[in-house]
Amino acid sequence: MNESNEYGMAEAKASAISLGPIGVFDSGYGGLTILRELRKTLPEYDYLYLGDNARAPYGSRSFEVIYRYTLEAVRELFARGCPLVILACNTASAKALRSIQQNDLPSIDPTRRVLGVIRPTVEILDKVSKTGHIGVLGTPGTVASESYVIEVKKLFPDMEVSQQACPLWVPIVENSEYDGDGADYFVKKYIDALMAKDPRIDTFVLGCTHYPLLADKIRRFAPQGIRILEQGQLVAESLKDYLRRHPEMEARLVRNGRVEFLTSENPDKFDPLASLFTHHSVKSSRCAFD
């Protein structure tokens, strides 16, 4: 069966299924950097963003709590019509994605999909690293899960991965201090600690979606020649490829180029800071979890 016929059959089948936006979930604001790149690369689709800001940050919470909160968010986005949800959060991707995919989706709706941000980031490492020594900068939760280490070893067994938890970077960003001189000390501190673990590191993975707002400072304090991988464009290109390979899912997505924002926090608090991540004004609605 050729691809055009396959697409036609998928579209006919999808006509009996309600269409919906792409859901994008994050524990707070960081996933907005992923959303921004998704809209640049795939502007034709509708998006529904959900930030669980009232219960953020997730980085220091237990596996059980992160899994429960993430599953609640996925169910909420499914209930609002999303056939596909992107966990635009490294901590949720690390601690909840596999369980949701394997244990929950079959009973909730096996035709829907939940994807994460870690795999798309890892897949290109062989193309950017010359030494095969990778440094991961992430939240304590992401680092403790060792999800990057596990994924890298699956795809590239000979690569060496060192990790550094950066517990103060998210608070710096969310308090709008990422441009200030006060952030310099903590950016340099964590980079120096990571390089001390392995001086042969030639590639940094920014393993938190907040960190692109610190990218200029990270470049300033990183050793010369270090390649710094931000996740937004990688995830966007990966989703583009996924939809090309899964026309049955692509046919279920609404294509009006619109975006809506939901937050578990007060919208008056969410909207001003969210605009720093999206680079345009944001007007959100409240989404309260039970």
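Residues numbered from 1 in each chain as written. Predicted model: local features only at pLDDT ≥ 70, side-chain atom pairs only at ≥ 80, totals over all residues. Heavy atoms only, no water.

As a further point, take the pattern of salt bridges. Across all of its chains, the model carries 21 salt bridges by this definition. As a salt-bridge pair, Lys-40 and Glu-37 come within 3.5 Å of each other at their nearest N and O atoms. Taken together, the residues span about one helical turn, with Lys-40 and Glu-37 both in helix 2 (residues 31-41) at a distance of 3 residues. Here Glu-230 ties to Arg-219 by a salt bridge, and the two come within 2.8 Å at their closest N and O atoms. With Glu-230 in the loop between strand 8 (227-229) and helix 13 (231-245) and Arg-219 in helix 12 (residues 215-221), this pair connects stretches of sequence that are 11 residues apart. Overall, the relative accessible area of 27% leaves Glu-230 in the partly exposed class. Within this structure, Arg-98, Arg-119, Glu-123, Glu-151 and Lys-154 form a network of salt bridges that share partners. (Salt bridge = Lys/Arg side-chain N within 4 Å of Asp/Glu carboxyl O. Helix = DSSP H or I, 4+ residues; strand = E, 2+ residues; numbered from the N terminus. Buried < 20%, exposed > 50% of the residue type's maximum accessible area, 1.4 Å probe, protein only.)

The geometry of an aromatic ring pair is captured by two quantities: the separation of the ring centres and the angle between the planes. Inspection of the entire model under this criterion finds 9 aromatic pairs. A ring pair is formed by Tyr-185 and Phe-186, whose centres lie 5.0 Å apart and whose planes are at 85°; its orientation type is edge-to-face. Judged by relative accessible area, Phe-186 falls into the partly exposed class, the value being 25%. When the ring centre of Tyr-69 is taken as reference, the NZ or CZ atom of Arg-55 above it lies at 3.7 Å. (Phe/Tyr/Trp six-rings, centres within 6.5 Å; stacked < 30°, edge-to-face > 60°. Lys NZ or Arg CZ within 6 Å of the ring centre and 35° of its normal.)

What follows is about the packing of helix 3 (residues 63-79) against helix 5 (residues 97-108). The angle between the axes and the distance between the axes are what describe a pair of packed helices. Here helix 3 crosses helix 5 at 40°, and the two axes come no closer than 12 Å. Considering their axes alone, helix 3 and helix 5 lie oblique with respect to each other. Of the two elements, helix 3 crosses helix 5, and the hand of that crossing is right-handed. Two secondary-structure elements touch here, helix 3 through Phe-63, Tyr-67, Thr-70, Leu-71, Val-74, Arg-75 and Phe-78 and helix 5 through Ser-99, Ile-100, Asp-104, Leu-105 and Ile-108. Here the residues of the contact of helix 3 with helix 5 are counted per class, giving 8 nonpolar, 2 polar and 2 charged. (Axes fitted to C-alpha atoms, helices over the stretch in contact; angles between N-to-C directions. Parallel < 35°, antiparallel > 145°, perpendicular 65-115°, else oblique. Left-handed = near helix turned anticlockwise from the far one by under 90°. Contact = heavy atoms within 4.5 Å. Nonpolar A, V, L, I, M, F, W, Y, C, P; charged D, E, K, R; others polar.)

To continue, consider the state of the cysteines. If you walk through the whole model with that rule in mind, you get 0 disulfides. Free of any disulfide, Cys-166 has its nearest neighbouring cysteine sulfur in Cys-208, separated by 8.9 Å. Looking at the unpaired Cys-287, the closest cysteine sulfur is the one in Cys-82, lying at 11 Å. The exposure class of Cys-287 is buried, given its relative accessible area of 2%. (Disulfide = S-S within 2.5 Å.)

Here helix 2 crosses helix 15 (residues 267-278) at 50°, and the two axes come no closer than 8 Å. Taken together, the axis directions place helix 2 and helix 15 in an arrangement best described as oblique. Helix 15 is crossed by helix 2, and the crossing has right-handed handedness. Two secondary-structure elements touch here, helix 2 through Leu-32, Thr-33 and Arg-36 and helix 15 through Phe-270, Ala-274, Phe-277 and Thr-278. Looking at the contact of helix 2 with helix 15 residue by residue, the classes come out as 4 nonpolar, 2 polar and 1 charged.

The next point concerns the environment of Leu-234. With respect to the helices, strands and loops of the structure, Leu-234 is situated in helix 13. In this structure, the C-alpha to C-alpha distance between Leu-234 and Thr-121, residues 113 residues apart in sequence, is 6.1 Å. Setting aside chain neighbours within four positions, we find Leu-234 in contact with Pro-120, Thr-121, Ile-124 and Leu-229.

This part is about the nonpolar core. Among the nonpolar cores identified, the biggest contains 52 residues, and Leu-32, Trp-169, Phe-204, Ile-218, Leu-239 and Leu-243 are the most heavily contacted of them. With 6 residues, the top contributor of residues to this core is helix 11 (residues 182-197). Look past the residues within four positions of Leu-239 in its chain and what remains in contact with it is Ile-22, Leu-38, Leu-42, Leu-84, Ile-86 and Leu-115. Judged by nonpolar contacts, the second largest core, of 25 residues, contains Leu-77, Ala-92, Ala-96 and Leu-262. (Core = buried A, V, L, I, M, F, W, Y, C linked by side-chain atoms within 4.5 Å.)

It is worth spelling out unusual backbone geometry at this point. Residues apart from glycine generally show negative phi values, whereas peptide bonds are mostly found in trans. Between Ala-56 and Pro-57 the backbone carries a cis peptide bond, its omega angle lying at 0°. On the secondary structure map, Pro-57 appears in the loop between strand 2 (47-51) and helix 3. Positive phi, normally seen in glycine, also occurs at Glu-146, with a value near 60°. The class of Glu-146 is partly exposed, set by a relative accessible area of 41%. The phi angle at His-279 is positive, at roughly 70°, despite the residue not being glycine. Looking at the element boundaries, His-279 is found in the loop between helix 15 and strand 10 (285-286).

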